[in-house]
Amino acid sequence: MKKEFSFGTQVRKSPYFDATVRWGAQGFSVYNHMYIPRDFGDPVQNFWNLVNEAILCDVAVERQVEITGPDAAKFVQLLTPRNLSECAVGQCKYVLITDENGGVLNDPVLLRLGENHFWLSLADSDILMWAKGVAVNSGLDVNLGEPDVSPLQLQGPKSGDIAKAIFGERIDSLKYYWLEEFELNGIPLIISRTGWSSELGYEIYLRDGSRGNELWDHIMEIGKPMGLVPGHTSTIRRIEGGMLSYQADMDYTVNPFELGLDRLVDLEMDADFIGKDALKKIQSEGVKRRQVGVEISCPPLQHPNTSYWPIFIDSSEVGYITSAVYSPRLDKNIALAIIDVDYSAIDMVAETRTSEGNHPIKVVQKPFYDPKKKITSAS
């Protein structure tokens, strides 16, 4: 009997849903009101598949906000504190969407498909609704919507050879954080050298949802003999890489300076953006807490945390762990945390309270692995 997954009709299935079930998906979560495969078996094996071979992930949940119209570029700049004045057609940028208080509403990848044509490839929050509200009061001539676009991620050290086998030699010329249009068996695609893995990889944006299962099967059939297996985004690898997960490591109560993402904020540019005055004030006054990496001294964690773990110095609570996991490669429990700035220095020691007891922690440098991102940006 076919296994049924259902959260009701308000939670959408991706164009790859049936294919992922056929290829072994055993469990799903919900992200941006859609199913996302989160279980293809052992998560540790999924990690090793990613870092040693290649995995194909259904990330159609990364919904796109499409922005077009004569004022599209001005409008996109209004949404983000990152200076986009030199963002070329065909380029991608990691950006933050900030609110009037400087809080982070989302951290999408921006894709510029044309002079007045942009996509925001979203993390988990309803930015289309925010953008529509901003547009109504902006006085700018823009059109906003959600296009028929559904990404896959092909990630891992063998992803380059697999992509070449599928898409031809042309894929070799695709630079890190750039995109190009492709067609595969008549299926329209955008492919970018991006991904949420800290490994070499590509995001394949399907532009015809009726052909999702066909695209998944075709990629797997060519890639499987080359080491490709179905998988899901790896919590282990993303924490190793210091990659932040929206709703877990940040939300609208956290600002870019607390996250150490100052490089994504340009307070000197002439263009205005939402939250500019608030961020100027925060920069002037300084932050009261910081996002840091920590190691937890305890037996290997059996699974990632499902709630925030408070951090204590003596009896005073000074922060909380947002994402924690055991890394089999590093043989350490590693975590991301937000902590009072007075206790955020490297080698600072404290204690965290988990569901399985209290454990010592130490603030350490992050990312925990490949700090210069040589893997992802390698040509």
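The structure we're discussing is the one just above.
A brief report on the enclosed structure follows. Quick caveat: nothing in here was measured; it's all calculated off a predicted structure.

Criteria and thresholds
- Residues numbered from 1 in each chain as written.
- Predicted model: local features only at pLDDT ≥ 70, side-chain atom pairs only at ≥ 80, totals over all residues.
- Heavy atoms only, no water.
- Buried < 20%, exposed > 50% of the residue type's maximum accessible area, 1.4 Å probe, protein only.
- Helix = DSSP H or I, 4+ residues; strand = E, 2+ residues; numbered from the N terminus.
- Arc of directions from axis to C-beta.
- Core = buried A, V, L, I, M, F, W, Y, C linked by side-chain atoms within 4.5 Å.
- Pairing = 2+ DSSP bridges.
- Axes fitted to C-alpha atoms, helices over the stretch in contact; angles between N-to-C directions.
- Contact = heavy atoms within 4.5 Å.

Focus: helix α5 (residues 159-167)
Each α-helix winds once per 3.6 residues, and so residues spaced three or four apart point in a common direction. Taken residue by residue, α5 has S159, G160, I162, A163, I166 and F167 as its buried positions. For α5, the arc enclosing every buried residue in end-on projection is 160°, short of the 170-degree limit, so these residues lie on one face. One or two steps after α5, the chain reaches G168, where phi turns positive at roughly 90°.

Observations regarding the nonpolar core
Core analysis: the largest hydrophobic core is formed by 29 residues, its most contacted members being F167, L189, I204 and L215. At the level of secondary structure, the elements contributing two or more residues to this core comprise β2 (34-39), β3 (54-58), β11 (150-155), α5, β12 (179-184), β13 (187-192), β14 (201-206) and α6 (212-223). Core analysis: the second largest hydrophobic core is formed by 25 residues, F47, C57, Y94 and V254 among them.

Here we look at helix α4 (residues 127-136)
For α4, the set of buried residues is I127, L128, A131, V134 and A135. What you see down the axis of α4 is that its buried residues fit within an arc of 125°, all on one side. More than 90 degrees from the buried face of α4, the exposed residues found are M129 and V136.

A short note on the sheet that holds β12
Pairing is mixed in the open sheet, where six strands are placed in the order β12-β13-β14-β11-β3-β15. Looking at strand neighbours, the two that pair on one side only are β12 and β15 (228-230), the edges of this open sheet. Across this sheet, the average inter-strand angle for adjacent strands is 25°, counted without regard to direction. One ladder, built from six bridges, connects β11 with β14; its direction is antiparallel. When the bridges of β14 are listed, L152 appears paired with I204. Contacts from helix α2 (residues 43-52) reach β3, β11 and β15 within the one sheet, and its direction differs from that of β3 by about 115°. Running over the sheet, α6 touches β3, β11, β12, β13, β14 and β15 and is turned about 140° from β15.

This is a description of form; function is not addressed.
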